Amino acid sequence: MAPHHRRLISNWLFVLCFMILGMIAIGGVTRLTGSGLSIMDWQPVSGFIPPLSHAEWERLFALYQTIPQYHLQHEGFGLEGFQRIFWAEWIHRFWGRLMGLVLIVPLIWFSVRGMITRALAIRLFIFFVLGGLQGGIGWFMVASGFRADSTAVEPVRLVLHLSAALILYVAILWTALSIRWPEPQASVASAGMRLTKKLVWCGLALICITIVAGGFTAGTHAGFVYNTFPLMDGHLIPTEYARLTPFWLNLVDNKAAIQFDHRLLATLTVLTIGGILLVGLKAFAPGSRAHNALMLLGWAVLIQYALGITTLLLVVPVWAGTVHQTFAAVLLGVMLFVLHSLRGVASR
């Protein structure tokens, strides 16, 4: 690929990554405002067009009135109230469709013009297919909220939907980074460099696990209880931590345990990244891509940890919960950038 084509195509993929971050943010607003169940049908193509007549609004509102969430939470709030929650979900779905167009239309153009390799074109088309699959997973998640006595989607399906989005985000971001910087920076790998790379892999794994735990925290509304820090109801470990049997149920259905696990994993992530910085900033020369990436990582983890505490202490306002959820993906992207900058460091 020509250098100017590399820059153009990597910029296009970076735009897609930013759009995924936007999708995660809109999804956070949708979840925190209880808007996710407002659209009762899934129309991948015609759903591009919002309701254009009063009769269509009435039809959609009548559909919404058939599910438990309306009767348990919103009964009597009228068409105007329905429209308020409808728009958040519609924008979420519209954004997903728009991302599909932003991916497939330039992909066809670049392929026809011979600006990308066949292997890259196939990889990007697979990303397009996975994006469509993500829409199906989203509907699979939403459908779980239509069950009797349900006012929200199942936490497991919410985590699945979020995880699938992040997998696609990671895949596109890594591809963009590899196109922009196809060759690793040459360096003689020292013991400190090798240790840094091992710690970065540990940090990446911790971030992923912490995000999954955060998904269960969001899905079970565990962030609305124990709104103090660092103690939980006066205890470091909540007294209700292991109240369910078998024990594994506490990991997905016990609010006290779910929130504690998320706190613990977040703290371990901060400490691990602290170790990465202590080792890595000494091992890599100032001004190098790896050194700059590590500095960025340090600021990102501090911001995310502060956002988590703020969200908890304020009892999860929509703005804080949305920013915290979105910045988790930003932190994941920064960690991926660090790992990408260490490609030239041999593991042994």
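Relevant structure appears above.
These figures come from a predicted structure and were not determined experimentally.

## Here we look at the overall build of the chain
Turning to step 1, where the next piece is worked out: In terms of helices and strands, the chain carries 11 helices and 0 strands.
Turning to step 2, where the next piece is worked out: Along the chain direction, N to C, the helices and strands of the chain fall in the order α-α-α-α-α-α-α-α-α-α-α.
Turning to step 3, where the next piece is worked out: Relative to the compact-globule value of 20 Å for 348 residues, the chain shows a C-alpha radius of gyration of 22 Å, a close match.
Turning to step 4, where the next piece is worked out: Its C-alpha atoms give the chain principal-axis dimensions of roughly 70 × 60 × 30 Å.
Turning to step 5, where the next piece is worked out: Sorting the 348 residues of the chain into buried and exposed places 48% on the buried side.
Turning to step 6, where the next piece is worked out: Taken as a whole, the chain presents about 16,900 Å² of accessible surface, with 71% of it coming from carbon and sulfur.

## Digging into the nonpolar core
Turning to step 1, where the next piece is worked out: Grouped together as the largest cluster of nonpolar side chains are 61 residues, with contacts concentrated most on Trp12, Leu13, Tyr169 and Ile273.
Turning to step 2, where the next piece is worked out: Of all the secondary-structure elements, those providing two or more residues to this core are helix 1 (3-32), helix 4 (78-112), helix 5 (118-143), helix 6 (155-180), helix 7 (191-219), helix 9 (255-283), helix 10 (289-313) and helix 11 (318-341).
Turning to step 3, where the next piece is worked out: Look past the residues within four positions of Leu13 in its chain and what remains in contact with it is Leu124, Ile172, Thr175, Ala176 and Ile179.

## So, the packing of aromatic side chains
Turning to step 1, where the next piece is worked out: The tally for this structure, following the rule as stated, stands at 22 aromatic pairs.
Turning to step 2, where the next piece is worked out: Measuring from centroid to centroid gives 5.9 Å for Trp181 and Phe337, while their planes differ by 40°, and the two rings are tilted. On the criterion of sequence distance, the pair formed by Trp181 in the loop between helix 6 and helix 7 and Phe337 in helix 11 is long-range, its members being 156 residues apart.
Turning to step 3, where the next piece is worked out: Since its relative accessible area comes to 27%, Trp181 is described here as partly exposed.
Turning to step 4, where the next piece is worked out: A residue is classified by how much of its surface remains accessible, and Phe337, at 18% relative accessible area, is buried.

## Description of the pattern of salt bridges
Turning to step 1, where the next piece is worked out: In total, this model carries 6 salt bridges according to the counting rule given.
Turning to step 2, where the next piece is worked out: The residue Glu89 makes a salt bridge to Arg93 at a minimum N-O spacing of 2.8 Å. Within this pair, Glu89 and its partner Arg93 are both found in helix 4, separated by 4 residues, close to a single helical turn.
Turning to step 3, where the next piece is worked out: Note on Glu89: relative accessible area 4%, which makes it buried.
Turning to step 4, where the next piece is worked out: Given a relative accessible area of 13%, Arg93 falls into the buried group.
Turning to step 5, where the next piece is worked out: Each of Arg147, Glu154 and Arg157 takes part in one network of salt bridges that share partners.

## Regarding the packing of helix 1 against helix 11
Turning to step 1, where the next piece is worked out: As a packed pair, helix 1 and helix 11 sit with axes 9 Å apart at the nearest point and diverge in direction by 150°. If you check the angle between helix 1 and helix 11, you find them roughly antiparallel. Crossing of helix 1 against helix 11: the hand is right-handed. Two secondary-structure elements touch here, helix 1 through Leu21, Ile24, Ala25, Gly27, Gly28, Val29, Arg31 and Leu32 and helix 11 through Val318, Gly321, Thr322, Gln325, Thr326, Ala329 and Val330.

## Brief notes about the environment of Asp261
Turning to step 1, where the next piece is worked out: Within the element layout of this structure, Asp261 appears in helix 9.
Turning to step 2, where the next piece is worked out: Given a relative accessible area of 15%, Asp261 falls into the buried group.
Turning to step 3, where the next piece is worked out: For the pair Asp261 and Thr310, spaced 49 residues apart in sequence, the C-alpha to C-alpha distance is 17 Å.
Turning to step 4, where the next piece is worked out: Every residue in contact with Asp261, bar those within four places of it in the chain, is listed here: Tyr241 and Leu251.

## Side note on helix 1
Spacing of three or four residues puts side chains on the same side of an α-helix, whose turn is 3.6 residues.
Turning to step 1, where the next piece is worked out: The terminal C-alpha atoms of helix 1 lie 44 Å apart, and with 30 residues this matches the ideal 44 Å at 1.5 Å per residue to within 8%.
Turning to step 2, where the next piece is worked out: Looking one or two residues beyond helix 1, the residue adopting positive phi is Gly34, at roughly 65°.

## Brief notes about unusual backbone geometry
Note: most peptide bonds trans; most residues except glycine with negative phi.
Turning to step 1, where the next piece is worked out: With an omega of 10°, the peptide bond running from Phe229 to Pro230 counts as cis.
Turning to step 2, where the next piece is worked out: Positioned with a positive phi, Tyr226 is a non-glycine residue whose angle comes to about 55°.
Turning to step 3, where the next piece is worked out: Along the chain, Tyr226 falls in the loop between helix 7 and helix 8 (250-253).
Turning to step 4, where the next piece is worked out: Taking the relative accessible area as the measure of exposure, Tyr226 reaches 17% and is therefore buried.
Turning to step 5, where the next piece is worked out: With phi around 55°, Asp233 is a residue other than glycine that occupies positive phi space.
Turning to step 6, where the next piece is worked out: Mapped onto the elements, Asp233 comes out in the loop between helix 7 and helix 8.

## What about the environment of Ala88?
Turning to step 1, where the next piece is worked out: In this fold, Ala88 is placed in helix 4.
Turning to step 2, where the next piece is worked out: Placed 54 residues apart in sequence, Ala88 and Gly34 show a C-alpha to C-alpha distance of 9.3 Å.
Turning to step 3, where the next piece is worked out: Those residues in contact with Ala88, other than ones at most four positions away along the chain, are Ile26, Thr30, Thr33 and Ser35.

## Details of the environment of Ala148
Turning to step 1, where the next piece is worked out: Here Ala148 shows up in the loop between helix 5 and helix 6.
Turning to step 2, where the next piece is worked out: Since its relative accessible area comes to 68%, Ala148 is described here as exposed.
Turning to step 3, where the next piece is worked out: C-alpha separation for the pair Ala148 and Gln69, spaced 79 residues apart in sequence, amounts to 9.0 Å.

Conventions used here
In this convention, every chain numbers its residues from 1, walking through the sequence in written order. Where totals are concerned, whole chains, interfaces and linings use all residues; where local detail is concerned, this predicted model gives features only for residues with pLDDT of at least 70, and gives and counts side-chain atom pairs only at 80 or more. Note that the side-chain values use all heavy atoms of the structure and ignore hydrogens as well as water. Helix and strand assignments follow DSSP, with helices taken as H or I runs no shorter than four residues and strands as E runs no shorter than two, numbered in order from the N terminus. The atom set for the radius of gyration is the C-alpha atoms, and the globule formula is 2.2 Å times the number of residues raised to the power 0.38. Relative accessibility decides the category of a residue: with a 1.4 Å probe and only protein chains considered, values under 20% of the type maximum give buried, values over 50% give exposed, and everything between is partly exposed. Each accessible area value is a Shrake-Rupley result obtained with a 1.4 Å probe; residue values ignore everything except the protein chains displayed when judging cover. Here, nonpolar core refers to any group of buried Ala, Val, Leu, Ile, Met, Phe, Trp, Tyr and Cys residues whose side-chain atoms link them within 4.5 Å. Here, residues are in contact when the closest pair of their heavy atoms is within 4.5 Å. Aromatic pairs are defined between Phe, Tyr and Trp rings, using the six-membered ring for Trp, whenever the two ring centres lie within 6.5 Å; interplanar angles under 30 degrees are classed as stacked, those over 60 as edge-to-face, and all others as tilted. Think of a salt bridge as a Lys or Arg side-chain nitrogen and an Asp or Glu carboxyl oxygen that are within 4 Å of each other. What counts as an axis is a line fitted to C-alpha atoms, over the stretch in contact for a helix, and the angles between N-to-C directions run from 0 to 180 degrees. Under this scheme an angle from 65 to 115 degrees is roughly perpendicular, one under 35 degrees roughly parallel, and one over 145 degrees roughly antiparallel; angles in between are oblique. Note: crossing handedness is left-handed where the near helix turns anticlockwise from the far helix by less than a right angle, and right-handed where it turns clockwise. In this scheme, a helix's expected span is set at 1.5 Å multiplied by one less than its residue total.

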